[in-house]
Amino acid sequence: MRYQTLAGLALVLCGTSAFAGGYVTGSIGQSKASVALERSTAWRAGVGKIISGNLAVEGGWTDLGSAPIRGGRVSAHGPYAAALLAAPLTSKPPSPLEA
């Protein structure tokens with residue numbers, strides 16, 4: 001239920017004009033605990049908002065899966081927040097139309 005709520009919120013926010021300059025991010029991969037030979041599916045989903053040309057903020061949910069440990073299972077998941085800073089590598093971005 002929690003994941004469906006997060007996905008619905010992301011779609012609603014990105015579909016509104018108040019969220020102009022926003023984006024949705026996600027990734028999926030594989031995780032492996034050093035104490036177990038078992039692998040698990042890991043994923044991350046979030047939304048971000050570009051504050052200015054060089055600054056953005058991002059938040060979402062990360063799930064690293066679970067692994068067996070001492071007769072039980074341990075899982076790793078939780079929210080994340082990030083600030084992203086970008087810097088230009090050239091003084092003028094090249095145009096794909098320039099020859």
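The following paragraphs examine the structure supplied in this document. Here the residue index of a chain counts from 1 through its sequence in written order. Reporting of local features is limited, given that this is a predicted model, to residues whose pLDDT is at least 70; pairs of side-chain atoms are given and counted only at 80 or more, and all residues count toward the totals for whole chains, interfaces and linings. Working from all heavy atoms in the structure, the side-chain values ignore hydrogens and water.

Notes on the sheet that holds strand β1 (residues 22-32)
At least two DSSP bridges between two strands are needed for those strands to be called paired. Here a helix means four or more residues in a row that DSSP labels H or I, a strand means two or more in a row labelled E, and each is numbered from the N terminus. The 4 strands lie next to each other as β1-β2-β3-β4, forming an open sheet whose pairing is antiparallel. In this open sheet, the two strands that pair with only one neighbour each are β1 and β4 (72-85). When the angles between neighbouring strand axes are averaged without regard to direction, this sheet yields 15°. Here strand β2 (residues 39-50) runs beside strand β3 (residues 55-69); their pairing, made up of 8 bridges, is antiparallel. Along β3, the bridge assignment pairs Lys-49 with Val-57. What counts as an axis is a line fitted to C-alpha atoms, over the stretch in contact for a helix, and the angles between N-to-C directions run from 0 to 180 degrees.

Concerning a nonpolar patch on the surface
For patch detection, residues must exceed 30% relative accessible area and be free of salt bridges, and they are connected within 9 Å for like charges or within 5 Å for nonpolar side chains (Val, Leu, Ile, Met, Phe, Trp, Tyr). Using the Shrake-Rupley algorithm and a 1.4 Å probe, accessible areas are obtained, with residue cover drawn only from the displayed protein chains. By salt bridge we mean one thing: a side-chain nitrogen of Lys or Arg within 4 Å of a carboxyl oxygen of Asp or Glu. Together, Ile-51, Leu-55, Val-57 and Leu-85 line one region of the surface with nonpolar side chains, adding up to about 380 Å² of accessible area. Turning to its location among the elements, Ile-51 is positioned in the loop between β2 and β3.

As for the environment of Thr-41
You can see Thr-41 is positioned in strand β2. It is 6.9 Å that separates the C-alpha atoms of Thr-41 and Leu-64, two residues lying 23 residues apart in sequence. Note on contacts: a residue pair is in contact if any heavy atoms of the two residues lie within 4.5 Å. Other than its neighbours up to four places away in sequence, Thr-41 contacts Ile-28, Gly-29, Asp-63, Leu-64 and Gly-65.

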